[in-house]
Amino acid sequence: MYASRERLARQLAEAVAEALRIDLAYQERALLVVSGGSTPVPFFQALANIELPWERVDVTLADERWVDEAAEDSNARLVREHLLTGAAEAANFVSLTTADATPEQGVSVVASRVERLTWPASVVILGMGGDGHTASLFPDSRELGLALSTDDSVVAVRTPSQPQARITLSAARLHQARRHILHLNGEDKRAVLATAMAGDDVRKLPIRAFLACPLAIYWAP
C-alpha cells in the first residue's frame, strides 16, 4: 500500500527501470508490456524521466481497442503521449493494430509482430477493471475461453459490455514474463481483488488467471 498515487507511480517506475537494467546487462533487448486506461498515466510519466538505454527497449500493450492510433481512446496514443517522451522516446513501440477493418482480419499480422519480440518479457504490467477483467479478458467476452486456453499470441475479442472490438495478448503470452505487476488504484479495486483472491472461478473474474504466479501488487487509495 502506498500513501498516494503519485508516490506509487514513482516507486513502480523505479522498480520497472531496475528490472530493465538487470535484464539489459546480459541480453541485447528487453521487453516491457504495459496496460492502458487512466491508472498508468502517472507511472508512464515517471518512467519516461528515468535514464535507461531506451534504444534497446521494446514496448507493447497487453491489449488494445481496434481503433485508429490517433483516436482518443487508443491505448497506443496514451503510450505515445505519456511514456514515449523525453529519453524514453528512443524506445521501440510495437502496436497491436493494423489498417484492417476488424481485429479478426489483422490478428495474424499482429501475432507475427508480437512473436518477434524478446520473450520472456522483462515486465508485464496488468491493470484490472471493476468486473475483474485484465487486458481484454472480459467475463462476458465470447472469446474468453479461447484467450485463457490458446497457445496463440493474440486473440481478437468481441465483448457485449464494450463498444469497440479489441485485440488482446492471450493469457499464455502474458504469462511469459520474468516479472508480473498488478497496478491498482481505489478502494473499489481493492475489494474486487480481495474477492478474486478468495475464489478460483477464472471465467467470473479473469484476473484470477494471474494470481497463482508471483505477482507484485502496487495499490494506492
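Only a predicted model underlies this, so the values are computations on that prediction, with no experimental measurement involved.

Asks: I'd like to hear about the overall build of the protein, residue by residue, with values.
Replies: If you tally the helices and strands in the protein, you get seven helices and nine strands. At 16 Å, the protein has a C-alpha radius of gyration in line with the 17 Å of a compact globule built from 221 residues. For the C-alpha atoms alone, the extent of the protein along its principal axes is close to 40 × 40 × 35 Å. Within the protein, buried positions represent 55% of all 221 residues. Intrachain contacts of the protein at a sequence separation of at least 6 include 74% that bridge at least 24 residues. For the protein, the exposed area adds up to about 9500 Å²; of that, 50% sits on carbon and sulfur atoms. Of the side-chain charges in the protein, 22 are positive and 28 negative, and the distance between the mean point of each set is 3 Å.

Asks: How would you summarise helix α2 (residues 41-48) if you had to cite specific residues and measurements?
Replies: Burial runs high along α2: six of the eight residues are buried. Listing the buried residues of α2 in full gives Val41, Phe43, Phe44, Ala46, Leu47 and Ala48. Those residues of α2 that are buried lie in contact with α1 (5-24), β1 (30-34), α3 (75-82), β5 (123-126) and β8 (180-185).

Asks: Tell me about the pairing of β5, and name the residues and values.
Replies: Side chains Val123 and Ile125 project from β5 onto one buried face, and the interleaved Val124 and Leu126 project onto a second face that is buried too. Pairing between β1 and β5: two bridges, direction parallel. Directly across from Val33, in β5, lies its bridge partner Val124. As paired elements, β5 and β8 share three bridges and run parallel to each other. Each residue of the ladder has a partner; that of Ile125, found in β8, is Ile181.

Asks: Go over the UniProt feature "domain: Glucosamine/galactosamine-6-phosphate isomerase" (unreviewed entry) in the protein with me, naming the residues and quoting the values.
Replies: When the UniProt feature table is mapped onto this chain, "domain: Glucosamine/galactosamine-6-phosphate isomerase" (unreviewed entry) is found at residues 4-211. Taken end to end, residues 4-211 is 34% helix and 16% strand, and its two terminal C-alpha atoms sit 24 Å from one another.

Asks: How would you sum up the pattern of salt bridges? Please name residues and give values.
Replies: Applying the stated rule across the entire model yields 11 salt bridges. Close ionic contact of Arg142 with Glu143 constitutes a salt bridge, the shortest N to O distance being 3.9 Å. When its relative accessible area of 15% is taken as the criterion, Glu143 is described as buried. Here Glu187 makes a salt bridge to Arg190, at a shortest N to O gap of 3.0 Å. Placement of the pair is Glu187 and Arg190 together in helix α7 (residues 187-197), with a separation of three residues, close to one helical turn. Take Glu187: its relative accessible area is 45%, and that puts it in the partly exposed class. It is possible to trace a salt-bridge network through shared partners that takes in Asp23, Arg178 and Arg179.

Asks: Got a sec to walk through the packing of α2 against α3? Specific residues and values, please.
Replies: Running from N to C, α2 and α3 point in directions that differ by 40°, and their axes come no closer than 9 Å. In terms of orientation, α2 and α3 fall into the oblique class. Seen along the crossing, α2 lies across α3 with a hand that is right-handed. Seen from α2, the contacting residues are Val41, Phe44, Gln45 and Ala48; seen from α3, they are Leu78, Val79 and His82. Of the residues contributing to the contact of α2 with α3, the split by class is five nonpolar, two polar and no charged.

Cut-offs applied
Residues numbered from 1 in each chain as written. Predicted model: local features only at pLDDT ≥ 70, side-chain atom pairs only at ≥ 80, totals over all residues. Heavy atoms only, no water. Helix = DSSP H or I, 4+ residues; strand = E, 2+ residues; numbered from the N terminus. Rg over C-alpha atoms; globule rule 2.2 N^0.38 Å. Buried < 20%, exposed > 50% of the residue type's maximum accessible area, 1.4 Å probe, protein only. Contact = heavy atoms within 4.5 Å. Areas by Shrake-Rupley, 256 points an atom, 1.4 Å probe, with all protein chains shown as cover. Lys, Arg positive; Asp, Glu negative; His and termini not counted. Charge placed at Lys NZ, Arg CZ, Asp CG, Glu CD. Pairing = 2+ DSSP bridges. UniProt positions renumbered as here; feature names shortened; annotations may be inferred. Salt bridge = Lys/Arg side-chain N within 4 Å of Asp/Glu carboxyl O. Axes fitted to C-alpha atoms, helices over the stretch in contact; angles between N-to-C directions. Parallel < 35°, antiparallel > 145°, perpendicular 65-115°, else oblique. Left-handed = near helix turned anticlockwise from the far one by under 90°. Nonpolar A, V, L, I, M, F, W, Y, C, P; charged D, E, K, R; others polar.

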